Amino acid sequence: MIKTIEGIVLKATDYQEKSKIIQVFSREHGLMSIYLRGANEYRHKTYSLAQVLTHASFSIYYKEHGLSTGYSGEILNGFMNLKLNFDKNVFIFHLFELILKTIEKHEPFPTLFDLLLEIMLLVDRTDDPLTQHLLTLAFEFKLLYYLGLAPVIDRCVECGQAKHISTFDPSLGGFICRNCLSDHTNIRFYSLDTLQAIIQLYTKSLDVVIEENITPRMIQELRWIIDEYYRFHLGVTTHSRTYLPPIGKTKNHLTS
């Protein structure tokens, strides 16, 4: 079946001498594998389509449960500046790895696709590491919804009480109230601002998130929380996580 899809190239692997197999997160069919003949040859028409971080439309022979074959396409956004800036693109590679490790193939998530593309555009536009960290964290919290692992943020995960929330426990998957603290040892505590930020990152749109007054300390606490959440509930870490830039001291506006 011949189809045209819109997708973002997450990973590219050499196949035989001149071709590549790319992992694409598509709007229409979710995560999928596409064989691109000749994509290792610089002058071939599929070469530019096989570059990681590329947003493109692909004309393919679609296979629902296997390897699709691409034969042409059109670059929608090459993200050249993002590709050349390691401090920026490492945030996106971290998100790509999470998608590759957690999302089932051929399961469409159009709103998640839109979210990823929006974050790529925003990270590309800002030079502030604090904002880049914040956008990355927003995606990680929102991804939990699509994975069926949404955190409990409207009540205590233990007793269901909505009042006197004291902390967040990644291993339990949500907020803990004051009355339930005695049942747990070695529990970590966070600032009230950090607890409120969890709600904002999970529930609010990105344009609201980037206007929040987020401090480096809050970013550090949020990073620890989400790392532990993924480690405990999914057993997932990423290679790119190691290379995330240090947290900045200021939060600047996005550039036009």
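Just so it is clear, the model here is predicted, and its values are computed rather than measured. The residue numbers shown here count from 1 along each chain, following its written sequence. Whole-chain, interface and lining totals are the exception, using all residues; otherwise, since this is a predicted model, local features are given only for residues with pLDDT of at least 70 and side-chain atom pairs are given and counted only at 80 or more. Side-chain measures were taken over the full set of non-hydrogen atoms in the model, leaving aside hydrogen atoms and water.

K.L.:
Lay out the pattern of salt bridges with the relevant residues and their values.
P.N.:
Oppositely charged side chains are able to pair whenever their charged atoms sit close together. Here a salt bridge means any side-chain nitrogen of Lys or Arg lying within 4 Å of a carboxyl oxygen belonging to Asp or Glu. Applying the stated criterion across every chain, the model contains eleven salt bridges. Between Lys88 and Asp127 there is a salt bridge whose closest N-O contact spans 3.0 Å. Here Lys88 is found in helix H2 (residues 86–102), whereas its partner Asp127 is found in the loop between helix H3 (110–125) and helix H4 (129–146), with 39 residues between them in sequence. By relative accessible area, Lys88 is classed as buried at 8%. Throughout, exposure labels follow a simple rule: accessible area from a 1.4 Å probe, protein chains only, divided by the maximum for the residue type, with under 20% read as buried, over 50% as exposed, and the rest as partly exposed. On the basis of relative accessibility, which here comes to 59%, the residue Asp127 falls in the exposed class. When the shortest N-O distance is used, the salt bridge between Glu140 and Arg223 registers 2.5 Å. Residue Glu140 is found in helix H4, and its partner Arg223 is found in helix H7 (residues 216–234); the two are separated by 83 residues along the sequence. Within this structure, Glu140, Arg223, Asp227 and Arg241 form a network of salt bridges that share partners. A helix here means a DSSP run of H or I that spans at least four residues, while a strand means a run of E at least two residues long, and both kinds are numbered starting from the N terminus.

K.L.:
Describe the packing of helix H5 (residues 192–203) against H7, naming the residues involved and giving the relevant values.
P.N.:
Axes here refer to lines fitted to C-alpha atoms; in helices the fit is confined to the stretch in contact. Angles between the N-to-C directions go from 0 to 180 degrees. Taken N-terminus to C-terminus, the directions of H5 and H7 make an angle of 65°; their axes are 10 Å apart at the nearest point. H5 and H7 meet at a crossing whose hand is right-handed. Contact residues: H5 offers Asp193, Thr194, Ala197, Ile198 and Leu201, while H7 offers Met218, Glu221, Leu222 and Ile225. When residues are grouped by polarity, Ala, Val, Leu, Ile, Met, Phe, Trp, Tyr, Cys and Pro land in nonpolar, Asp, Glu, Lys and Arg in charged, and all others, Gly among them, in polar. A class-by-class count of the residues in the contact of H5 with H7 yields six nonpolar, one polar and two charged. Crossings are sorted by hand: turned counterclockwise from the far helix by less than a right angle, the near helix makes the crossing left-handed, and turned clockwise it makes it right-handed. We call two residues in contact when some of their heavy atoms are within 4.5 Å.

K.L.:
Account for the nonpolar core, with residues named and values stated.
P.N.:
Ranked by internal contacts, the top residues of the largest apolar core, which has 54 residues, are Phe25, Leu116, Ile119, Phe139 and Ile198. The set of elements that each furnish at least two residues to this core consists of strand S1 (2–15), H2, H3, H4, H5, helix H6 (206–209) and H7. Residues in contact with Leu116, not counting those within four places in the same chain, are Ile8, Leu10, Phe25, Leu95, Phe96, Ile99 and Phe139. Residues grouped as a nonpolar core are buried Ala, Val, Leu, Ile, Met, Phe, Trp, Tyr and Cys residues, joined through side-chain atoms within 4.5 Å. Listed in part, the 14 residues of the second largest apolar core include Ile22, Ala50, Ala56 and Phe58.

K.L.:
Provide a residue-level description of the sheet that holds strand S4 (residues 55–61), including the pertinent values.
P.N.:
One closed barrel accounts for five strands, arranged S1-S2-S3-S5-S4; its pairing is mixed. Averaged over all neighbouring strand pairs, the angle between strand axes comes to 50°, with direction disregarded. Here, strands pair whenever DSSP counts at least two bridges between them. For S4 and strand S5 (residues 68–77), the ladder comprises seven bridges, and the chain directions are antiparallel. When the sheet's bridge partners are listed, Tyr61 is paired in S5 with Thr69. Its contacts with the sheet place H2 against S1, strand S2 (19–26) and strand S3 (30–36), and it is angled at close to 105° to S1. Against the sheet, H3 engages S1, S2, S4 and S5, with an angle of about 60° to S1.

K.L.:
Before we move on, could you go through the sheet that holds strand S6 (residues 152–156) and cite the residues and values that matter?
P.N.:
With respect to topology, three strands assemble into an open sheet ordered S6-S8-S7, the strand pairing being mixed. The open sheet has two edge strands with one neighbour each: S6 and strand S7 (165–169). Along the sheet, successive strands turn relative to each other by an average axial angle of 30°, direction set aside.

K.L.:
How would you summarise the environment of Phe232 if you had to cite specific residues and measurements?
P.N.:
Of note, Phe232 is situated in helix H7. Accessibility expressed as a relative area gives 49% for Phe232, which makes it partly exposed. A C-alpha to C-alpha distance of 25 Å links Phe232 and Lys204, two positions 28 residues apart in sequence.

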